[in-house]
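Here's the letter readout for the chains.
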Amino acid sequence: MTTSRAGAAPVTVDRTAIEHRLITMRKSVVQLDSLGRLDSARLENDPGTGLALERVLALLNDLAFAINRQVCARELDERPPQTPTASFGAAERAGLIGAELAAALAPADGPHHVLVQLCLDAAPEDVAAVVSAALSGYREYVRQVTDWITVSAPDRVV
């Protein structure tokens, strides 16, 4: 599938790259799940857990941004999004993900990994809720993107 814009060459989606990013996203979600209970005492006594949370959430955000940019470059007749936050709205306009998920993954107060870092600094008791929301959102993101790939290329397994 390609789309042409006035004066631009056709743009294709690298499904293999998307599939590899989705594999990494699935593994990252499992890694976050494996951390278990995230209460204030644990985060205070084990600062490495907080750092791991922040890093894995940043990776998930970066991978989603890369997928969103790639799909939006093909599907939308507009400049690809320049920030991860903007990319979720563009992904929704491109039909990659739903509006509710786009809003959940691009919270008004910043990406989940930034929120975790702020919570670790100011309110560690809020980390569990931020991580739970992010896990739910990224699980759903992987499901919706997998569905989009399946419809766009039914002969490919993701």
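Residues numbered from 1 in each chain as written. Predicted model: local features only at pLDDT ≥ 70, side-chain atom pairs only at ≥ 80, totals over all residues. Heavy atoms only, no water.

**Concerning the overall build of the protein chain**
Alright, step 1. Along its length, the protein chain carries seven helices and zero strands.
Alright, step 2. Taken from N to C terminus, the helices and strands of the protein chain fall in the order α-α-α-α-α-α-α.
Alright, step 3. Counting over 158 residues, the protein chain shows a buried share of 44%.
Alright, step 4. A sequence separation of at least 24 residues applies to 62% of the contacts in the protein chain between residues at least 6 apart.
Alright, step 5. For the protein chain, the accessible area works out to roughly 8000 Å², and carbon and sulfur atoms hold 55% of it. (Helix = DSSP H or I, 4+ residues; strand = E, 2+ residues; numbered from the N terminus. Buried < 20%, exposed > 50% of the residue type's maximum accessible area, 1.4 Å probe, protein only. Contact = heavy atoms within 4.5 Å. Areas by Shrake-Rupley, 256 points an atom, 1.4 Å probe, with all protein chains shown as cover.)

**Quick word on the nonpolar core**
Alright, step 1. Core analysis: the biggest nonpolar cluster contains 42 residues, and M25, Y138 and Y141 have the highest contact counts within it.
Alright, step 2. Elements supplying a minimum of two residues to this core: α1 (15-34), α3 (47-75), α4 (84-93), α5 (99-105), α6 (112-122) and α7 (127-152).
Alright, step 3. Of the residues forming this core, the biggest block, eleven residues, is contributed by α7.
Alright, step 4. In contact with Y141, not counting residues within four places along its chain, are M25, A64, I67, N68, F88, L96, I97, L101 and L105. (Core = buried A, V, L, I, M, F, W, Y, C linked by side-chain atoms within 4.5 Å.)

**Observations regarding the packing of α3 against α7**
Alright, step 1. Axis separation between α3 and α7 bottoms out at 11 Å; the angle between their running directions is 30°. It follows that α3 is roughly parallel to α7 by the angle criterion. Considering the relative orientation of α3 and α7, their crossing is left-handed. Residues L53, L57, L60, N61, A64, I67, N68, V71, R74 and E75 of α3 touch α7, and the partners they reach there are V127, V131, A134, Y138, Y141, V145 and W148.
Alright, step 2. Looking at side-chain class alone, the contact of α3 with α7 contains 13 nonpolar, two polar and two charged residues. (Axes fitted to C-alpha atoms, helices over the stretch in contact; angles between N-to-C directions. Parallel < 35°, antiparallel > 145°, perpendicular 65-115°, else oblique. Left-handed = near helix turned anticlockwise from the far one by under 90°. Nonpolar A, V, L, I, M, F, W, Y, C, P; charged D, E, K, R; others polar.)

**Some words on the packing of aromatic side chains**
Alright, step 1. Scanning the entire structure with this criterion turns up one aromatic pair.
Alright, step 2. Look at F88 and Y141: their rings are 6.3 Å apart centre to centre, the planes differ by 85°, and that puts the pair in the edge-to-face class. Within this pair, whereas F88 is found in helix α4, its partner Y141 is found in helix α7, the two being separated by 53 residues in sequence.
Alright, step 3. Taking the relative accessible area as the measure of exposure, Y141 reaches 0% and is therefore buried. (Phe/Tyr/Trp six-rings, centres within 6.5 Å; stacked < 30°, edge-to-face > 60°.)

**Some points on the side chain of S87**
Alright, step 1. Mapping S87 onto the fold places it in helix α4.
Alright, step 2. With near-sequence residues (within four places) excluded, S87 lies in contact with F65, N68 and P81.

**As for α6**
Alright, step 1. Taken together, the buried positions of α6 are occupied by H112, H113, L115, V116 and C119. Along the axis of α6, the buried positions cluster into a sector of 155°, meaning they face one direction only. Residues of α6 that are exposed and point over 90 degrees away from its buried face: D121 and A122.
Alright, step 2. Lining the buried residues of α6 we find α3, α5 and α7. (Arc of directions from axis to C-beta.)

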